[in-house]
Amino acid sequence: MGATDLGIAGLVRHGLRHTALTWMADSGVQLHVLQRVTGHQDPAMTARYLHPDHRALTDAGARFGAWWSQSGHKKGPGEGDEDAEETA
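Now for a description of the structure that goes with this document. (Residues numbered from 1 in each chain as written. Predicted model: local features only at pLDDT ≥ 70, side-chain atom pairs only at ≥ 80, totals over all residues. Heavy atoms only, no water.)

Comments concerning the packing of aromatic side chains
Here is step 1: Per the counting criterion, the structure on display carries three aromatic pairs.
Here is step 2: Ring geometry for phenylalanine 64 against tryptophan 67: centres 5.7 Å apart, planes inclined by 35°, an arrangement best described as tilted. With phenylalanine 64 and tryptophan 67 both in helix α4 (residues 54–70) and three residues apart, the pair spans about one turn of that helix.
Here is step 3: Judged by centre distance (5.8 Å) and plane angle (55°), the ring pair of tryptophan 67 and tryptophan 68 falls under tilted.
Here is step 4: When its relative accessible area of 39% is taken as the criterion, tryptophan 68 is described as partly exposed. (Phe/Tyr/Trp six-rings, centres within 6.5 Å; stacked < 30°, edge-to-face > 60°. Helix = DSSP H or I, 4+ residues; strand = E, 2+ residues; numbered from the N terminus. Buried < 20%, exposed > 50% of the residue type's maximum accessible area, 1.4 Å probe, protein only.)

Written as structure tokens, this is what we have:
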């Protein structure tokens, strides 16, 4: 059975590959595992198949921001305030 046999206009098998890989990545499957699933030699090629939604990207940023604010990160030498020194 081909994708056209499903009766959905515009559906192509290759598009299903993009969708399946994106959903697998969204569920937490790591890139190196997806690379093995696809048989790609280069992880950059596998990454081209992934189309994360904006909500996933926003959520990732929020999780990082929460971690960063709780980590107690202190600025080390060369971090931040360089602009203040240049304008002084």
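Digging into a nonpolar patch on the surface
Here is step 1: Nonpolar side chains collect at one region of the surface, where Phe64, Trp67 and Trp68 lie side by side and expose about 370 Å² of accessible area between them.
Here is step 2: Mapped onto the elements, tryptophan 68 comes out in helix α4. (Patch = residues over 30% accessible without salt bridge, like charges linked within 9 Å, V, L, I, M, F, W, Y side chains within 5 Å. Areas by Shrake-Rupley, 256 points an atom, 1.4 Å probe, with all protein chains shown as cover. Salt bridge = Lys/Arg side-chain N within 4 Å of Asp/Glu carboxyl O.)

Here we look at the side chain of histidine 40
Here is step 1: Mapped onto the fold, histidine 40 is located in the loop between α2 (31–38) and α3 (43–48).
Here is step 2: Reaching out from histidine 40, the side chain makes a polar contact with the side chain of threonine 46 at a distance of 2.9 Å.
Here is step 3: Setting aside anything within four residues of it in sequence, one finds histidine 40 in contact with Arg17, Gln35, Met45, Thr46 and Tyr49. (Polar contact = N/O pair within 3.5 Å; in protein donor to acceptor, adjacent residues only side chain to side chain. Contact = heavy atoms within 4.5 Å.)

Comments concerning α4
Here is step 1: For α4, built from 17 residues, the straight-helix expectation of 24 Å at 1.5 Å per residue is met to within 8% by its first-to-last C-alpha distance of 24 Å.
Here is step 2: Two residues or fewer past α4, glycine 72 is found with a positive phi of approximately 70°. (Expected span 1.5 Å × (residues − 1).)

Notes on the packing of helix α1 (residues 13–26) against α2
Here is step 1: Running from N to C, α1 and α2 point in directions that differ by 150°, and their axes come no closer than 10 Å. Judged on the interaxial angle alone, α2 and α1 are roughly antiparallel. As for how α1 packs across α2, the hand of that crossing is right-handed. Note on element contacts: α2 touches α1 through Leu34, Val37 and Thr38, opposite Arg17, Leu21, Met24 and Ala25. (Axes fitted to C-alpha atoms, helices over the stretch in contact; angles between N-to-C directions. Parallel < 35°, antiparallel > 145°, perpendicular 65-115°, else oblique. Left-handed = near helix turned anticlockwise from the far one by under 90°.)

Points about α1
Here is step 1: In a regular helix each residue adds 1.5 Å, so 14 residues correspond to 20 Å; α1 covers 20 Å between its end C-alpha atoms and thus fits that length.
Here is step 2: Three or more residues of α1 are buried, namely His18, Leu21 and Thr22. Buried residues along α1 cover an arc of 100° about the axis, so they all sit on one side. Along α1, exposed side chains directed more than 90 degrees from the buried face belong to Arg13 and Trp23.
Here is step 3: On its buried side, α1 packs onto α2 and α3.
Here is step 4: Once α1 ends, the next one or two residues include glycine 28, with phi positive near 110°. (Arc of directions from axis to C-beta.)

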